[in-house]
Amino acid sequence: MSLGYAEQLSYIEDVGKVGMTEFFDPQNVLLEKVERLATLIRQSKHLVVFTGAGISTSCGIPDFRGPKGIWTLQREGKPLPEASLPFHRAMPSLTHMALVELERAGILKFVISQNVDGLHLRSGIPREKLAELHGNSFMETCPTCGAEYLRDFEVGTIGLKETSRRCSAKKCGAKLKDTVLDWEDALPEKEMNLAEKHCKMADVVLCLGTSLQITPACNLPLKTLRGGGKIVIVNLQETPKDKKASLVIRGFVDKVISGALNLLNKQIPPFVRIDLFQIVITQGLSLDKKYVNWNLRVASAHGPKAPLPFIKSVEISFLNCQDYKEAILDKEPFQLKRRTVLSKSFEIVMKFNFSEGCGCSSTDISIPIDFNVPTDCFNLEKDTIFQKLRDNAIQESCCGQNAVVERTTTPFPKSEATVYAVVTNILTYKFGSKSAEAESLTNGDNKRQQENVNGVYPSRKRSKGHKRKSRY
């Protein structure tokens with residue numbers, strides 16, 4: 001990402017306290033608090049987690065109010081940090097994946113996020129167990145039928161505006177909208193209602209990496225108190241809700257959560273990212289019906305107007321066929337046109353070179369071509385294919401594995417479109433790793449663990465009929 005989201009927000013004078021001092025618990029205090037947190041999680045019957053920008057700083061995504069936060073730098077008149085990697089390639093942190101493990105174990109019942117980075121959804125938290133109060137930079141939604149579309153690219157607009165794509169649901173076709181709120185937008189009613197419901201049901205609301213300054217979202221955790229629930233806050237800066245909390249931990253979120261999971265004897269699952277693309281081959285006979293004029297196009301699986309950000313270039317060669325010239329497609333649309341004798345069959349070898357942020361440099365796909373043989377259509381079970389790809393990637397400790405997911409044909413113009421799934425990243429998390437340092441449970445030299453930036457995106461919107469307000 002560029003700093004697009006932060007720059008697209010409407011100007012507002014009052015964003016609350018910025019440049020807030022960070023505090024760190026001494027090692028012995030941190031250890032004792034993490035043990036208490038583990039006990040609360042173990043005993044919890046309805047755990048709800050409430051997250052802010054601090055959960056994603058170890059992903060290379062800056063926060064907003066810390067010493068090097070976006071709003072802090074803006075107020076000081078300093079330039080915003082440059083992105084070292086595209087926003088769309090940001091990967092979940094140890095904490096994101098730890099929450100996935102707690103959800104799979106039946107401990108975590110619901111996640112409420114103020115972030116727009118989409119990392120909770122991408123990490124594996126089920127959509128029905130997630131409220132994204134401020135939207136998702138990678139999500140489009142249909143205002144007519146309610147369908148949601150998670151993209152592998154930034155949607156590009158904020159403020160619930162129409163995008164360039166339409167709903168693909170049958171009998172719909174309405175124009176899609178982005179889901180990211182601007183300051184003047186009300187919080188989504190459905191997300192807010194679910195968040196309130198689960199906070200009221202919760203016996204523990206665990207607040208991670210949030211300054212709890214923006215209303216009305218910051219008041220959601222308080223709803224657990226009415227039913228006798230407890231609030232736990234893990235944040236480096238003080239928050240207005242600290243006095244309401246049963247436990248306040250000053251430490252890096254990744255360290256705290258990894259320490260708690262270690263005490264709970266839970267393993268943090270690896271993250272495997274799978275991206276989709278399609279290869280479309282269109283053909284037409286020459287007038288004398290001896291030749292086939294064909295066109296090969298590599299396109300996004302998200303529609304004809306969607307970008308393909310994770311592919312940098314495509315190298316094409318022809319196996320055992322000296323007559324055809326090799327080609328390098330280095331810009332979108334990735335397209336190749338050729339003319340072939342109808343009676344001749346051959347094989348296309350394609351090397352897909354991935355863009356920055358992918359875990360491997362390329363993957364290869366071979367396509368047998370015989371224009372005299374009819375093409376079969378199929379739609380395989382995606383979840384099964386995805387799971388096999390994940391298992392193989394984890395077993396082989398590498399990415400680049402690919403598989404066919406779906407094939408469709410159209411009679412005029414005669415064409416076939418084959419959708420492929422490819423593993424583009426795999427990330428494992430270990431207790432005691434540099435990012436977590438769970439074994440030592442020390443706050444170290446009190447410096448931020450990562451300074452690289454994948455992008456910048458705030459998270460503060462307002463409630464139904466109320467402007468979002470920041471509190472000092």
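An account of the accompanying structure is given in this report. None of these values were measured; they are calculated from a predicted model. (Residues numbered from 1 in each chain as written. Predicted model: local features only at pLDDT ≥ 70, side-chain atom pairs only at ≥ 80, totals over all residues. Heavy atoms only, no water.)

### Concerning the overall build of the chain
- On a plain count of helices and strands, the chain comes out with 8 helices and 22 strands.
- The buried share of the chain, reckoned over its 472 residues, is 55%.
- Considering only contacts in the chain between residues 6 or more positions apart, those separated by 24 or more positions represent 69%.
- Summed over all atoms, the accessible surface of the chain reaches about 21,500 Å², with 49% contributed by carbon and sulfur. (Helix = DSSP H or I, 4+ residues; strand = E, 2+ residues; numbered from the N terminus. Buried < 20%, exposed > 50% of the residue type's maximum accessible area, 1.4 Å probe, protein only. Contact = heavy atoms within 4.5 Å. Areas by Shrake-Rupley, 256 points an atom, 1.4 Å probe, with all protein chains shown as cover.)

### Details of helix α8 (residues 382-396)
- Taking 1.5 Å of rise per residue, 15 residues should cover 21 Å, and α8 covers 21 Å from first to last C-alpha, within 8% of that figure.
- Taken together, the buried positions of α8 are Ile-385, Phe-386, Leu-389 and Ala-393. Considered in projection along α8, the buried side chains sweep an arc of 100 degrees and stay on one side of the axis. Counted as exposed and oriented over 90 degrees from the buried face of α8: Asp-383, Lys-388 and Gln-395.
- Tucked inside the fold, the buried residues of α8 contact β12 (271-285), β20 (402-410) and β21 (415-427).
- Positive backbone phi, approximately 55 degrees, marks Ser-397, located one or two places after α8. (Expected span 1.5 Å × (residues − 1). Arc of directions from axis to C-beta.)

### What to know about the packing of aromatic side chains
- Inspection of the entire model under this criterion finds 12 aromatic pairs.
- Among the aromatic residues, ring-to-ring pairing joins Trp-294, Phe-318, Tyr-324, Phe-346 and Phe-371 into one connected group.
- Between the NZ or CZ atom of Arg-339 and the centre of the ring of Tyr-291, over which it lies, the distance is 4.4 Å.
- A cation over an aromatic ring shows up here: Lys-344 above the ring of Tyr-324, its NZ or CZ 5.5 Å from the ring centre. (Phe/Tyr/Trp six-rings, centres within 6.5 Å; stacked < 30°, edge-to-face > 60°. Lys NZ or Arg CZ within 6 Å of the ring centre and 35° of its normal.)

### Focus on the side chain of Ser-300
- Looking at where Ser-300 falls in the secondary structure, it is placed in strand β13 (residues 291-300).
- For Ser-300, the side chain forms a polar contact with the main-chain nitrogen of His-302, separated by 2.9 Å.
- Setting aside residues up to four positions removed in sequence, Ser-300 forms contacts with Gln-278, Ala-306, Pro-307 and Leu-308. (Polar contact = N/O pair within 3.5 Å; in protein donor to acceptor, adjacent residues only side chain to side chain.)

### Section: helix α4 (residues 94-104)
- Among the 11 residues that make up α4, 10 are buried, leaving the element largely enclosed by the rest of the structure.
- Taken together, the buried positions of α4 are occupied by Leu-94, Thr-95, His-96, Met-97, Ala-98, Leu-99, Val-100, Glu-101, Leu-102 and Glu-103.
- Backbone geometry just downstream of α4 places Gly-106 in the positive-phi region, at approximately 85 degrees.

### Concerning the pairing of strand β17 (residues 346-354)
- Pairing between strand β14 (residues 311-319) and β17: 8 bridges, direction antiparallel. When the bridges of β17 are listed, Ile-311 appears paired with Phe-354.
- Here β17 runs beside strand β18 (residues 362-369); their pairing, made up of 8 bridges, is antiparallel. Looking at the pairing, Phe-346 lines up with Ile-369 of β18. (Pairing = 2+ DSSP bridges.)

### Focus on the pattern of salt bridges
- Applying the stated criterion across every chain yields a total of 11 salt bridges.
- Linking Arg-151 and Glu-140 is a salt bridge whose minimum nitrogen-to-oxygen distance equals 2.6 Å. A residue pair is termed long-range when its members are at least 10 positions apart, and Arg-151 in the loop between β5 (148-150) and β6 (162-166) and Glu-140 in strand β4 (residues 139-141) qualify at 11 residues. Of the two residues examined, Arg-151 and Glu-140, each falls in the buried class.
- Between Arg-165 and Glu-140 there is a salt bridge, with its nearest N and O atoms 2.9 Å apart. Residue Arg-165 is located in strand β6, and its partner Glu-140 is located in strand β4; the two are separated by 25 residues in the primary sequence.
- Owing to a relative accessible area of 8%, Arg-165 belongs among the buried residues under this scheme.
- A network of salt bridges, in which partner residues are shared, links Arg-89, Arg-273 and Asp-275. (Salt bridge = Lys/Arg side-chain N within 4 Å of Asp/Glu carboxyl O.)

### Focus on the sheet that holds β6
- Across the sheet, 4 strands lie side by side as β5-β4-β7-β6; this open sheet has antiparallel pairing. Edge positions in the open sheet fall to β5 and β6, since each of these has one partner strand only. Taking the axes of each pair of neighbouring strands and ignoring which way they run, one obtains an average angle of 35 degrees across the sheet.
- Here 3 bridges tie β4 to β5, and the two strands are oriented antiparallel to one another. Bridge pairing in β5 places Met-139 opposite Leu-150. (Axes fitted to C-alpha atoms, helices over the stretch in contact; angles between N-to-C directions.)

### Looking at the environment of Lys-388
- In this fold, Lys-388 is placed in helix α8.
- A relative accessible area of 54% means that Lys-388 is categorised as exposed.
- When the C-alpha positions of Lys-388 and Gln-401 are compared, they lie 9.9 Å apart, and in sequence the two are 13 residues distant.

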